[in-house]
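Now for the letters of each chain:
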Amino acid sequence: MSKDVWVVVETLRGEVLEITYTMLAAGRGLADGLGGRLTAVLLGHNAVPLASTLGVADSVTYVDHAAVADFTPDAYQRTIAGLAKGAAPRAVLLGHSSMGMDVACGIGIELGTPVIAACQTLDVKAGKPRYVSLTCGGKVLAEGELPEPTCLVTMVPGGYKPQDGKKEGAPEVTRVAPPTALDDLKVRLKGYIEPEAGDVDITKESILASVGRGIQQRDNLKLAEELAATLGGVVSASRPVVDQGWLPTSRLVGKSGKSVKPRLYLALGISGAPEHAEGIRDAECIVAVNTDEKAPIFDFAQYGATVDVLKLLPVLTAKIKQAKGN
Amino acid sequence: MNIVVPIKFVPDLVEELEIDPSGVALERTYMRLIPSEQDEHALEQALLLKERYGGNLTVVTLDTGDVDETLFTAIAKGADRVVKVLGEGFAEGVNNHAASSVLQAALEGIPFDLILTGTQAADDLDGSTGPLLAARLGLPFVGYVTGVKQEDGGVVARKEYPGGLVAEMEVALPAVLGIQAAENPPRYVVTSLVMAAMKTAKIEEVEAGEADSSGAAEVARMYLPEPSERAEMIEGNVDHVADVLVTLLRERGLLA
Amino acid sequence: MPIEPVLVLVAFLAALSLFGYRVYRRFEHMRLGQPAGPFGQWGQRIKALLVFVFGQRRLFRFRTPGVAHFFIFWGFLLLLPTIAQAIIEGVFPGFVLPFLGTFGPLALVQDLIAVAVAVAVLYGLYLRLIAKPERYRGSHQAEGILVLIFILTIMVSLLVMNGVRRDQGDSAIGPAYWQPVSAFIGSLLAGLSAGTQNTIGQVAYWVHLGVVLTFLVMLPGGKHFHVVTSMFNVFLRDLRAPGRLPPAPQFDGQAGVKNVEQFTWLQMLNWYSCSECGRCQEVCPAYASGLPLSPKLLIMGLRAHIFERGTALRAASSGGASGNPSAQAVLEKRLTGDVISDDVLWACTTCYACDQECPLFIEHISPIVDMRRYLLTQQRADPMLMSALANLRRYGNSFGQSDRKRAMWTADMTPPIKDIRKEPAHTLWFVGDYASYSPTLTTITQTTARVFQKAGIDFGLLYDAERNAGNDIRRVGEEGLFELLAMKNKAALANCEFQEIVTTDPHTYNTLKNEYASNGSADGSPTVPVFHYTEVLDRAIASGELPIRRQLGYTVTYHDPCYLGRYNGVYDAPRRVLDAIGCRLVEMPRNRDRSLCCGAGGGRIWMDEAGVKERPSENRIREAAALDNVQYFVVACPKDVTMYRDAVKTAGQESKIEVKDMIELVEEALG
């Protein structure tokens, strides 16, 4: 049985996505615990430069082909499955993301390999590799052993600091030919559509007043806007608010939106589901206001209160104005 | 365009969740099961596609609990057929590997061009039903889809990436798409139409074949997260909370 | 006076036929409508006729216009004999109406009232031309002014005719003291030659006749049709309790009204009776807030539509649709969407101010709800509303919270509150969604429980078995959901033992009291009395069971909730409670049945506020803040607490006035 760990690198338009580094940090710990090698699997076209930050891995397996220049489920699934079939690594880590989730199950069925989803941390206990996964909106945790001899794992951010998985300097890069034919693909990339140019780039703001379902009405947004303005920040949002059309997608924080690193993140009426929590991992200080004391957001926040956010906002804005005036 | 929408029932997160005495699974006795939110989006997207392009819409679900009302509601919304798959032990919970194998068998004899299902569900631990079903059927899968249109004998799916970027993927049919969000919020159909469906429509029942649940990892322990890593809670009324926050902000130099 | 009898006869018959034909056409359109009734309760109907039609009771709610209209109405009736006289004597010269044409006292009344009518008309013209009140906006101004001029002309010409006759000694009324005004007019003309006077008399006659007959022909065409229909409309009106919406019919499995002929003929009679006075518009909170709803324009729109559609259907069936493009165009108009737009229909808070204000007893809310039912089947509603309905259907409350959390507010109550599902109690307290789930309101609910306990009331709750009672669900048009929730509530109630029900929420109060027992679906619910908590407090204070130890001495104002006040007539019990606890009540200008709705009803609390320029709740707080020295704005409805506390902040009145629920003051007064 192999002791090697693979991490499938996620790239998007010439950039390595952050989840890759989380996976490399996890993979490093796992490989070291098992006494195996950590290999980063990179697919792309003329993409060798992207290997330059994968130094945490022992080696990079690189498949270069026009058909995998950009992610498409069919091409990536065939390639990764083909690579894994021969090598049968102990664990293959993919992102629990728009890319990883598209292919993990298909690879699993093709290889007869089990799949573990939404994994947050991996470690080795008594020589056995173990997983901890998040489920039910972050309200429940499940843990167990990684099935033998091979297992696929899709990973969510949060269990590791991405900087722990990032190291300059490309490890040895082994170029391999695509293991299976990449013609007659059933899914092709037609093109990308840029997100609407928002008036603000929330990833560059240091203070965010973020609103969720608890804001209840479009009209109440102005309460958050006033608070944000008073603090010199801007308003961002979780998915339900953007889905209603009350704010543009450029303000969306979370898995499908942006990851933000503000000094202060006010989570106002946000429950804190994993998809949102992903986006605020790196916030310096999170203050959460939600009337549900069991809301998962309180697991990520430094400070919390269960008062009604609609009552709090005007009062807080007024007091801040006062404090700033002094 | 003939579409199939498999719906999975998941624990309602509005309720308190408890672990059962075995320590490896959720307590299901008092659990309220609801259709997975993204499966409702998948149904909505399917209804939109039916309105645009015509065709037959079939909704399938495993009989894991009180599923009938959801099926009749689907009829009231515009589905043509609803199928309930009966199987032993479904009420105790079915993992996605087993569910997808059951669905694969159940779909034999139902012609379709497209399968739409939620891109993931709240209690997915062994992958998601959509890609598992696609793999078993040997069909292409694209997930995180927020828009679908017909084009040149196939479909073009809008796939969401982080940061709001969208990729348009051309997909050959038949295929499976994992819906993240439909183009419109799931519609509300008035109760009188659901009641009418209950009187006039029929739920087709089929027996499940062998369920292949291999492919899921064993759960050694299931538990609720410890509150110890939680936030420092500020008690008191709005005024007090605001005062504390102002002090906090000042201490952190955020009131400059 | 030499008159051409033939001319008169021809004119009269022509006018009468035209009038008759126009009435017939409108009647025919009403026959397209659905059945109405059953009727019955004839005594009550006759009484209503006397009070509201002959007594003109509702007119006086707008004092001066009411007085003016009173005279115009009575003038009309009392002067009818003179019109008959004029027509008949035109055909049969020298004819005098027996008794009515010779009775002195009647002539006196007629003389005086003709002047009163003229003055009233001048006031009306002043309103139309100078004062131009907002409520006339959208009404047919030209028609209004024209008819006022007609009436003035009829009065003047009558007095001139009489005056000339008196001068010529030709009056059928003997002594001049029975016709002082006519005599006076006559004296003004006395200096003229007989020939001139004759001519004047003749001209006056023809003007009189001409205007009367023109008015007759015009009558069915516009707002003055109410002259004919109002009596029938008031007499035949639905006598059900205001708080009970009529049952929802279905057409081929289709809920709600899609086409205008799916309304009842009685609803259509309503529209034909609309005089475009605009009083409904004046008291409508949605209209005042800047939303597109005007109850008056709604009715006028429906009236115009039934007429054009009836006409088009007739043209299509007789001549064939293809040959008549304009009829086709009318037939393709959608009732909801083209004639009445969706946001007009969703703007209504169902506060009942319009229905109550209307002197002609036109129902505005019932067609709105009928059309809303249809809109919901088409998903043409605010996504927030639909999401609230989805929560209500799944969880039985609009908050999307578990039913198991409904009674969480009771957790720390000592002694613990009885579970009425398990043991009997005298009073079943049906708490309501807002009081149970809203984090800011649960403290008030707990206060209420403590006060009930101090009053020694033996009460219990349904705990988790309680569901939203459904008042506003019915009013947004989701009849099926109402029935589903009512069925669950009734099933829970049927298993309990209790003698009365008390609610904290007036909406819950209204539907439990008026719509549960009489609903056709799921029976088994005993008909027990339903009380609002203020009524229960009133009773307990009066009997001494709730001892008031402190007199608070506050100056307060009280806001009558729509569903407690206007809908169910409970005005005095809350006021007695305030008095008993030593509060000095200063009434707002709009109090009791003129209370201004907070804007949350009719499902509006579940809808986006887009389009609202000034919230009714802010308007109301400003009204209260303008009173002298009022410390507290007292409410008796949980939604009012939320709405008005918000409004105090957004209107910037925190230093002036504070919102308190009555129960908070009562607890304070318990010492």
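Nothing here was measured: the structure is a model prediction, and the numbers come from that model.

Here the focus is the overall build of chain C. Within chain C one finds 27 helices and 11 strands. In terms of its C-alpha atoms, chain C occupies a principal-axis envelope of roughly 100 × 65 × 45 Å. Counting every position in chain C, which comprises 671 residues, the buried fraction comes to 48%. A separation threshold of at least 6 residues defines the contact pool for chain C, and within that pool the share at least 24 residues apart is 80%.

When its secondary structure is counted, chain B shows 6 helices and 13 strands. Evaluated residue by residue, chain B yields a buried proportion of 51% over its 256 residues. Of all intrachain contacts in chain B linking residues separated by at least 6 positions in sequence, the fraction that spans at least 24 positions is 73%.

Residues and elements named next belong to chain C. At their nearest, the axes of helix H1 (residues 5–30) and helix H3 (residues 63–91) sit 7 Å apart, and the two run at 130 degrees to each other. As far as their axial angle goes, H3 and H1 are oblique. Residues Pro5, Val8, Leu9 and Phe12 of H1 form the contact with H3, whose own contacting residues are Ile87, Gly90 and Val91. Of the residues assigned to the contact of H1 with H3, the class counts are 6 nonpolar, 1 polar and no charged.

Residue and element names in this part refer to chain C. Buried residues of helix H27 (residues 662–669): Met662, Ile663, Val666 and Ala669, and no others. Each buried residue of H27 sits inside an arc of 120 degrees when the element is viewed along its axis, so together they form one side. In this fold, the buried residues of H27 make contact with helix H19 (442–454), helix H23 (533–543), helix H24 (572–580), strand S10 (632–635) and strand S11 (658–661). Note on H27: the residue one or two positions beyond its end, Gly671, has a positive phi of about 85 degrees.

Below, the discussion takes up the interface of chain B and chain C. Much of the literature gives interface size as the accessible area that the parts lose upon coming together. Between chain B and chain C, the contact holds 11 residues from the first and 18 residues from the second. Taken together, the residues that form the side of chain B that touches chain C break down as 7 nonpolar, 2 polar and 2 charged.

What the 10 strands build is an open sheet, ordered S12(A)-S9(B)-S8(B)-S7(B)-S10(B)-S6(B)-S1(B)-S4(B)-S5(B)-S11(B); its pairing is mixed. Pairing within the sheet leaves two strands with one partner each, and these edge strands are strand S12 (187–193) of chain A together with strand S11 (204–207) of chain B. Neighbour to neighbour, the strand axes of the sheet diverge by 30 degrees on average, direction disregarded. Where strand S5 (residues 81–86) of chain B lies against S11 of chain B, 4 bridges are found, and the strand directions are parallel. Bridge assignment links Leu86 of chain B to a residue of S11 of chain B, and that residue is Glu207 of chain B. The strands touched by helix H3 (residues 96–106) of chain B within the sheet are strand S1 (3–7), strand S4 (57–62), S5 and S11 of chain B, with S4 of chain B carrying the most contacts at an inclination of about 140 degrees.

Here we come to the confidence of the model for chain C. The pLDDT averaged across chain C works out to 92; a share of 98% of its residues lies at or above 70. Taken together, the stretch residues 519–526 of chain C has pLDDT below 50 and engages in 16 contacts with residues farther than four places along the chain or on a different chain.

Let us now look at the interface of chain A and chain B. Contact with chain A, which involves 74 residues of that partner, is made by 71 residues of chain B. Among the residues making up the side of chain A that touches chain B, the classes are represented as 41 nonpolar, 15 polar and 18 charged. Taken together, the 6 bridges between S12 of chain A and strand S9 (residues 166–171) of chain B define a ladder with antiparallel strand orientation. Note on S9 of chain B: the bridge partner recorded for Arg188 of chain A is Glu170 of chain B.

Residues and elements named next belong to chain C. Note on placement: Asn270 falls in helix H9 (residues 265–272). A tally of 27 C-beta atoms within 10 Å means that Asn270 is categorised as buried. Not counting residues up to four positions away in its chain, the partners in contact with Asn270 are Asn233, Ile362 and Glu363.

This paragraph deals with the sheet that holds strand S3 (residues 418–419) of chain C. Residues and elements named next belong to chain C. In space, the 5 strands of this open sheet follow the order S3-S5-S4-S6-S7, with parallel pairing throughout. The sheet is open, and its two edges are formed by S3 and strand S7 (530–532), each paired on a single side. On the sheet, H23 packs against strand S6 (500–503) and S7 and is oriented at approximately 85 degrees with respect to S7.

Another point: the pairing of S4 of chain B. All names here are of chain B. Among the 6 residues of S4, 6 are classified as buried, and the element is accordingly described as predominantly covered. Residue alternation in S4 divides its side chains into two sets, Leu57, Val59 and Thr61 and Thr58, Val60 and Leu62, and both sets are buried. Where S1 meets S4, 5 bridges bridge the pair, whose relative direction is parallel. What sits directly across from Ile7, in S4, is Thr61. Pairing geometry for S4 and S5, over 5 bridges, is parallel.

Residues and elements named next belong to chain A. Among the structural elements, Ala81 can be located in helix H2 (residues 73–87). With 28 residues separating them in the primary sequence, Ala81 and Ile109 have C-alpha atoms 9.7 Å apart. Here Ala81 is in contact with Ile107, Glu110 and Leu111, once residues within four sequence places are set aside.

On to the pairing of S6 of chain C. All names here are of chain C. Looking at chain direction, strand S4 (residues 427–430) and S6 are connected through 4 bridges and run parallel. Note that in S6 the partner of Phe430 across the bridge is Thr503. With 3 bridges connecting them, S6 and S7 associate as parallel partners. Bridging across to S7, Val502 finds its partner in Phe531.

The next subject is helix H6 (residues 180–189) of chain C. For H6 of chain C, the full list of buried residues reads Val181, Ser182, Ala183, Ile185 and Gly186 of chain C. Taken together, the buried residues of H6 of chain C touch helix H4 (104–131) and helix H5 (141–167) of chain C.

Definitions and limits used
Residues numbered from 1 in each chain as written. Chains lettered and ligands numbered in written order. Predicted model: local features only at pLDDT ≥ 70, side-chain atom pairs only at ≥ 80, totals over all residues. Helix = DSSP H or I, 4+ residues; strand = E, 2+ residues; numbered from the N terminus. Buried ≥ 20, exposed ≤ 12 C-beta atoms within 10 Å, placed from the backbone. Contact = placed C-beta atoms within 7 Å. Axes fitted to C-alpha atoms, helices over the stretch in contact; angles between N-to-C directions. Parallel < 35°, antiparallel > 145°, perpendicular 65-115°, else oblique. Nonpolar A, V, L, I, M, F, W, Y, C, P; charged D, E, K, R; others polar. Arc of directions from axis to C-beta. Pairing = 2+ DSSP bridges. pLDDT = per-residue confidence, 0-100.

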